[in-house]
Amino acid sequence: MQRCSRSRLAPHFVAHPRVLTVYSARAIVHYVRQAKAQSSTFMRNSLETQDSTIYPLSSSPFPDLRARAQSIKKISQCPVCTSHNHLPTKINADAPSPPKLVAFECPECGYPTHCSEEHWRNDTEHRRYCGRLREVNEDDHDLRSRRQKIEYELPGAQAYEEAISFANWDIFWYTRGFRSIDTEQMRRHASKLLTYPLTIGSIIHRYSNLNTYNQRLTPEGARSLAALRATVHVPVGGRDTHAGSIGKPPTRIFVLGARTESALPPDVWGQLCYLFPSAIFQIYFIGPQVALPRASAKESQSSQDPVSETEPPPHTSNPKAAKIYEPPIPTYVGSSMSKRRLRALTVSSGIPSYTLPHSPFLSLTALRSKYTQQIHDELGPFDPYTDLFVLYAPGFGFPSPTSPNTLQVSAPGEWGGVLPMLFSTRCPIFVTAFSPADVERDVKALDGADGVAGEFDWIITPGKNEFGSEKWEVAEFDLRIMVKLNWGVWGIRGKTKEVRERRFW
């Protein structure tokens, strides 16, 4: 029988059975070895990067988590001691013992939750939130592990014929072209990273899930968003590409009271440019806790450097201010290339600030200051067609740390006087909240504040934000308090006052 060469074997699969058996065996061995190598590599990476062991925070391999454990032990009180403190015993009813700080770390969640093991065993309420604390512990360690974070691989430009849906996270990730997000942990990581730009983008986009059909968008809101969408989009039927931005005014987004959102990498905010290819964005972060780039070694030694990462001194006008927890100022996150393009923003009052021209279609500006009348005048005039304000969890209904018996919406050192300035611009104001109770608290605070109640129209009715973070955030001063960033969203603007001229005949 004529022998068949290997070159004929592959395309025709006709050969002597013995030759075919040898060739197939070699191929099978090759594929088995390759599969074993990939499997061993995957298992080795999984063991190294996805360790399911729950680390106690005090013995975590990451220094910042160990520092968090020390911070919790300094300010958080034992829940069992706190409940006993409110219920004095018969022996010493007049002077109950003060609650102790937490010191014992729960072996199931890894957080310091009680002052002793005895109180941990006696606390029947701990099991209600222990699972969430364990979930947060796992997420924090996975975030710092060497696992490849494919959920952080952001897609680039969207094809012209591919429409984006804003129904929910799953459909958005699919229509936007993200890589497959298969686990709940990956969902929590991706949603927390993108919740800030996507909350804005999902509202002002023409395919927004907030509309008049689900009664989230009011008639006044439809008119306001129609004005904004005329700027960020091209007319219906046109090509929504970068060429459509020629001759357009920039869309200015003012984020007041900015904190964590000002520390996001610029590429995260750059996703707005892919959602609105024909728009030019200028984002302003304004607040006393805005993240600024860390100063260089020589500048940090000088006490005259205005751009430092030190916290402002606490207010002393209110004796109770020292008992109020003040979160640390976030650290600016940006690549070395983006830091080289930073420019000092010229402000007449000498406010610590910077501006970053990230791309021809996006610039980021930060001002570490409260929103004052001077800043309002310098940033004006405002146009409802191009400008909007965003307040991420402003805490209108919380007590003021500087003014006793006053809510933050009316306190001079907080939001007092800010909302009337925003109402005068007639620009839309979008507000988020971290829970249903927070939404209700803020809305009630607006209805009872002087100079605010009755001076605004509803744009978006209060409700759930489909693009809120799915990751739990734990309050260090009380581990029983856990919220989700941007859970809810609502919108208002200055009240419409129509003036008609009366004629008498």
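What you see is a predicted model, and the numbers here were worked out from it, not measured in a lab.

Caption draft 1: Main features of the nonpolar core. Ranked by internal contacts, the top residues of the largest apolar core, which has 52 residues, are Phe172, Ile204, Ile253, Trp269, Phe281, Ile283 and Phe285. Tallying contributions element by element places helix H8 (residues 184–204) first for this core, with nine residues. Apart from residues no more than four positions distant in its own chain, phenylalanine 281 is found in contact with Val232, Thr251, Ile253, Leu272, Cys273, Phe276, Phe361, Leu362 and Ser363. Of all hydrophobic cores here, the second largest spans 33 residues; its members include Leu256, Leu367, Ile375 and Ala433.

Caption draft 2: Fine view of the sheet that holds strand E3 (residues 251–256). Pairing is mixed across the open sheet formed by eight strands, whose spatial order is E5-E6-E4-E3-E7-E8-E12-E9. Lying at the two open borders of the sheet, with one neighbouring strand each, are strand E5 (353–359) and strand E9 (456–464). When the angles between neighbouring strand axes are averaged without regard to direction, this sheet yields 15°. Bridge count for strand E7 (residues 387–391) against strand E8 (residues 429–433) is three bridges, and the pairing is parallel. Its bridge partner being in E8, leucine 391 is matched across the sheet by valine 431.

Caption draft 3: Just helix H7 (residues 169–176), in detail. Among the residues making up H7, those that are buried are Trp169, Phe172, Trp173, Thr175 and Arg176. Residues of H7 that are buried make contact with H8 and helix H11 (271–275). One side-chain oxygen of the residue at the start of H7 lies 3.2 Å from the amide nitrogen of aspartate 170, identifying that residue as asparagine 168. Downstream of H7 by a residue or two, glycine 177 has a phi angle that is positive, lying close to 95°.

Caption draft 4: Broad picture of the side chain of aspartate 139. Tracing the chain through its elements places aspartate 139 in helix H6 (residues 126–143). For aspartate 139, a relative accessible area of 1% gives the class buried. Every residue in contact with aspartate 139, bar those within four places of it in the chain, is listed here: Gln185, Arg188, His189 and Lys471.

Caption draft 5: Seen up close, the packing of aromatic side chains. Inspection of the entire model under this criterion finds 21 aromatic pairs. Look at phenylalanine 104 and tryptophan 120: their rings are 5.5 Å apart centre to centre, the planes differ by 50°, and that puts the pair in the tilted class. Within this pair, whereas phenylalanine 104 is found in strand E1 (residues 104–105), its partner tryptophan 120 is found in helix H5 (residues 117–122), the two being separated by 16 residues in sequence. According to the relative accessible area criterion, tryptophan 120 is buried, its value standing at 14%. Through successive ring pairs, a cluster of aromatic residues spans Phe166, Trp169, Phe172, Trp173, Phe178 and Phe467. The positively charged end of lysine 484 is found above the aromatic ring belonging to tryptophan 472, 4.6 Å away from the centroid.

Caption draft 6: Structural context of the pairing of strand E10 (residues 472–475). Pairing analysis gives four bridges linking E10 to strand E11 (residues 478–484), with the strands arranged antiparallel. Note on E11: the bridge partner recorded for alanine 475 is aspartate 478. Linking E10 back to E11 in an antiparallel pair, the connection comprises two residues.

Caption draft 7: Here's a closer look at the pattern of salt bridges. Under the criterion given, the structure shown has 22 salt bridges. A salt bridge links arginine 223 to glutamate 220; the shortest N-O distance between them is 2.6 Å. With arginine 223 and glutamate 220 both in helix H9 (residues 219–232) and three residues apart, the pair spans about one turn of that helix. Among the residues examined, glutamate 220 registers a relative accessible area of 18% and is labelled buried.

Caption draft 8: Region of the structure containing the confidence of the model for the chain. When pLDDT is averaged along the chain, the result is 80, and 74% of the positions lie at 70 or above. The model gives residues 1–25 a pLDDT under 50, and that stretch makes 11 contacts with residues more than four places away or in other chains. In the model, residues 296–325 has pLDDT below 50 throughout and makes 36 contacts with residues more than four positions away in sequence or in other chains.

Caption draft 9: Structural detail: the pairing of E5. Summarising burial for E5: five of the seven residues are buried, a large majority. The turn linking E5 back onto strand E6 (residues 362–367) is made up of two residues.

Caption draft 10: The environment of arginine 216, seen in detail. For arginine 216, the position within the fold is in the loop between H8 and H9. Judged by relative accessible area, arginine 216 falls into the buried class, the value being 13%. Separated by 244 residues in the primary sequence, arginine 216 and isoleucine 460 have C-alpha atoms spaced 5.4 Å apart. When near neighbours in sequence (up to four residues on either side) are disregarded, arginine 216 contacts Leu210, Asn211, Ile459, Ile460, Thr461, Pro462, Gly463, Lys464 and Val489. A polar contact is formed between the side chain of arginine 216 and the backbone oxygen of lysine 464, at a distance of 3.0 Å.

Caption draft 11: Geometry of H8. Under the 1.5 Å per step criterion, the end-to-end length of H8 is 28 Å for 21 residues, consistent within 8% with the ideal 30 Å. Largest kink in H8: about 60°, centred on threonine 195, with the proline proline 197 one to four residues after it. With 18 of 21 residues buried, H8 lies mostly within the body of the structure.

Caption draft 12: Summary view of the packing of H6 against H8. At a minimum axis distance of 11 Å, the contact between H6 and H8 shows a crossing angle of 75°. Compared by their axis directions, H6 and H8 come out roughly perpendicular. Here Glu135, Glu138, Asp139, Asp142 and Leu143 of H6 come into contact with H8, specifically with Gln185, Arg188 and His189. Class assignment for the residues of the contact of H6 with H8 results in one nonpolar, two polar and five charged.

Caption draft 13: The side chain of threonine 199, seen in detail. Mapped onto the elements of the fold, threonine 199 is located in helix H8. A residue is classified by how much of its surface remains accessible, and threonine 199, at 3% relative accessible area, is buried.

Rules used throughout
Residues numbered from 1 in each chain as written. Predicted model: local features only at pLDDT ≥ 70, side-chain atom pairs only at ≥ 80, totals over all residues. Heavy atoms only, no water. Core = buried A, V, L, I, M, F, W, Y, C linked by side-chain atoms within 4.5 Å. Buried < 20%, exposed > 50% of the residue type's maximum accessible area, 1.4 Å probe, protein only. Helix = DSSP H or I, 4+ residues; strand = E, 2+ residues; numbered from the N terminus. Contact = heavy atoms within 4.5 Å. Pairing = 2+ DSSP bridges. Axes fitted to C-alpha atoms, helices over the stretch in contact; angles between N-to-C directions. Polar contact = N/O pair within 3.5 Å; in protein donor to acceptor, adjacent residues only side chain to side chain. Phe/Tyr/Trp six-rings, centres within 6.5 Å; stacked < 30°, edge-to-face > 60°. Lys NZ or Arg CZ within 6 Å of the ring centre and 35° of its normal. Salt bridge = Lys/Arg side-chain N within 4 Å of Asp/Glu carboxyl O. pLDDT = per-residue confidence, 0-100. Expected span 1.5 Å × (residues − 1). Bend = angle between axes of the 7 residues up to and from the residue. Parallel < 35°, antiparallel > 145°, perpendicular 65-115°, else oblique. Nonpolar A, V, L, I, M, F, W, Y, C, P; charged D, E, K, R; others polar.

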